[in-house]
Amino acid sequence: MDKVNRFMRLPEVINQVGLSRSQIYKLIAQNAFPKQIKAGGRVAVWVLDEVDDWMLKEIKNARNEEV
């Protein structure tokens, strides 16, 4: 079965990755974290798969494994 993709709001992203709001936006500015998607008005969302992929990459980098 294929993985079902979904959007996450900022509080869920913060909980998922364990970083603060300011750390997340700093990494986005450095092109080092998935960018948010404007979902209308002032609503920003992140794609779950993109955040998961970023986390796996960070784990591999921390363990000096090939990415």
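The preceding data block contains the structure.
Since the structure is predicted, the reported quantities are computational estimates derived from the model, not experimental observations.

## A look at the packing of aromatic side chains
- In total, this model carries two aromatic pairs according to the counting rule given.
- On the basis of an interplanar angle of 65 degrees and a centroid distance of 6.2 Å, the ring pair of Y25 and W46 is categorised as edge-to-face. Of this pair, Y25 sits in helix α2 (residues 21-29) while W46 sits in strand β3 (residues 44-47), and the two are 21 residues apart along the sequence.
- The exposure class of Y25 is partly exposed, given its relative accessible area of 26%.
- Of the residues examined, W46 reaches a relative accessible area of 0% and is grouped as buried.
- Ring geometry for F33 and W54: centres 4.7 Å apart, planes at 70 degrees, overall edge-to-face. With F33 in the loop between α2 and β2 (37-38) and W54 in helix α3 (residues 48-62), this residue pair connects regions lying 21 residues apart in the sequence. For the pair shown, F33 and W54 are each scored as buried.

Conventions and cut-offs
- Residues numbered from 1 in each chain as written.
- Predicted model: local features only at pLDDT ≥ 70, side-chain atom pairs only at ≥ 80, totals over all residues.
- Heavy atoms only, no water.
- Phe/Tyr/Trp six-rings, centres within 6.5 Å; stacked < 30°, edge-to-face > 60°.
- Helix = DSSP H or I, 4+ residues; strand = E, 2+ residues; numbered from the N terminus.
- Buried < 20%, exposed > 50% of the residue type's maximum accessible area, 1.4 Å probe, protein only.

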